[in-house]
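# Observations on chain architecture
Here are the chains, one letter per residue:
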Amino acid sequence: MKTIKIVRKTLRDGNIYPVVYNYLNLLPEDILHHNKHNLRHPLAIYNLSLNRVISAFIPILDEIDKINTTLLDVSGKLNCDLSQLPKLQEELLESLLAHIDDCYLILKTIHEPIESNSSSQFVEHWLKEAQHPGYKKFQTGIQIYRNSLAPLVNRIKHQHGRVRSFMIYPRDLTFVAYHKSSGFQFRPYKPRIPGYYIEGIQKDGKIGADPELHPKNTAISLNRDLKYHFVHIYSIGLDLKNALVESMRKLYGKELPLPGKIPTHSNSISKIENLAERLSKRNRSRG
């Protein structure tokens, strides 16, 4: 897997949204067909979609902050309420998969309508039938991430999967962490690892972590998972930008100009900036 460095600066770019935001502001009106497809303007699609995703992160972090400040009782037990996390996690996962679908819709808005022979309502099928020049590029770019996300969402939505939350924490105050590569030992301050798994039927017929989604009875650490998803919002934005640039070139023989500073509402910048800062402070965990 290749490593990509994405840098966004308010002073240079006008905002710290994913890079495609600036390009969507520059799409010429004469190549847009959103009205013919009964869709919103591509920039509006993106703004609504991104706002749903960003908004889904915040209550999860709020719940984790509550958990991290919960005191242990005299027996060393952590009495914290995890009941809100499952539904909040479901919304985050579903909003992320919907965000990918919304990006496909954005590609559709720059292509003329076609007479489709397919009865499918899936936008991917339409793009493929239309031989949209940006479809394959975007699909290839997001494939690894989507393949890690879609099975979770599909199990929840279509196969009665249930999100179950858990918390790992030391009851023994003498708990010592060990850094494998350096051999360094240290005592973390109240290390608490919140996580989740998708419930399923195991080989012995008992309810537990779904064996197809969680091999070897594993689970997912939120400390890692939230960062993983946040980073991929920017990766998806880059893939969509590349697909739009190629589509413009092949469909209309036009080059999208390199965007300069595209300012946006200060409250929107603060929201995503605060989210990034909160995520960066999460405890490191492989989960």
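Figured I'd write up the structure that's included with this text. Just so it is clear, the structure is predicted and the values come from calculations on it, not from any experiment.

Cut-off values and rules
- Residues numbered from 1 in each chain as written.
- Predicted model: local features only at pLDDT ≥ 70, side-chain atom pairs only at ≥ 80, totals over all residues.
- Heavy atoms only, no water.
- Axes fitted to C-alpha atoms, helices over the stretch in contact; angles between N-to-C directions.
- Helix = DSSP H or I, 4+ residues; strand = E, 2+ residues; numbered from the N terminus.
- Parallel < 35°, antiparallel > 145°, perpendicular 65-115°, else oblique.
- Left-handed = near helix turned anticlockwise from the far one by under 90°.
- Contact = heavy atoms within 4.5 Å.
- Nonpolar A, V, L, I, M, F, W, Y, C, P; charged D, E, K, R; others polar.
- Buried < 20%, exposed > 50% of the residue type's maximum accessible area, 1.4 Å probe, protein only.
- Phe/Tyr/Trp six-rings, centres within 6.5 Å; stacked < 30°, edge-to-face > 60°.
- Lys NZ or Arg CZ within 6 Å of the ring centre and 35° of its normal.

What follows covers the packing of helix 6 (residues 135-158) against helix 7 (residues 222-252). What describes two packed helices is the angle between their axes and the distance between those same axes. Two elements in contact, helix 6 and helix 7, have axes whose closest approach is 8 Å; the angle formed by their N-to-C orientations is 160°. The angle between helix 6 and helix 7 falls in the class roughly antiparallel. The way helix 6 lies across helix 7 gives a crossing that is left-handed. The segment helix 6 lies against helix 7, with Lys137, Phe138, Gly141, Ile142, Tyr145, Ser148 and Leu149 engaging Tyr228, His229, His232, Ile236, Asp239, Leu240, Asn242, Ala243 and Glu246. In terms of residue class, the contact of helix 6 with helix 7 is built from 8 nonpolar, 5 polar and 3 charged.

A few words on the environment of leucine 152. You can see leucine 152 is positioned in helix 6. For leucine 152, a relative accessible area of 7% gives the class buried. As a C-alpha pair, leucine 152 and leucine 93 span 59 residues in sequence and 7.8 Å in three-dimensional space. Each residue touching leucine 152, except ones within four places of it in the same chain, is listed here: Leu93, Tyr196, Ile198, Leu213 and Ile220.

Following the criterion strictly, the structure yields 6 aromatic pairs and no others. Between tyrosine 17 and tyrosine 21, the aromatic rings sit 4.8 Å apart at their centres with planes inclined by 85°, giving edge-to-face as the arrangement. Overall, the relative accessible area of 9% leaves tyrosine 17 in the buried class. When the centroid spacing of 5.1 Å and the interplanar angle of 90° are considered together, the rings of tyrosine 104 and phenylalanine 138 count as edge-to-face. Within this pair, whereas tyrosine 104 is found in helix 4 (residues 85-109), its partner phenylalanine 138 is found in helix 6, the two being separated by 34 residues in sequence. Residue phenylalanine 138 is classed as buried on the basis of its relative accessible area of 0%. Aromatic rings pair up to connect Phe57, Phe230 and Tyr234 into one cluster. Its end group placed over the ring of tryptophan 126, lysine 108 keeps NZ or CZ at 4.9 Å from the ring centre.

Here we come to the packing of helix 4 against helix 6. Here helix 4 crosses helix 6 at 150°, and the two axes come no closer than 9 Å. As far as their axial angle goes, helix 6 and helix 4 are roughly antiparallel. Note that helix 4 runs across helix 6; the crossing there is left-handed. Residues Glu90, Leu93, Glu94, Leu96, Leu97, Ile100, Cys103, Tyr104 and Leu107 of helix 4 form the contact with helix 6, whose participating residues are Tyr135, Phe138, Gln139, Ile142, Tyr145, Arg146, Leu149, Ala150, Leu152, Val153, Ile156 and Lys157. Residues of the contact of helix 4 with helix 6, tallied by class, amount to 16 nonpolar, 1 polar and 4 charged.

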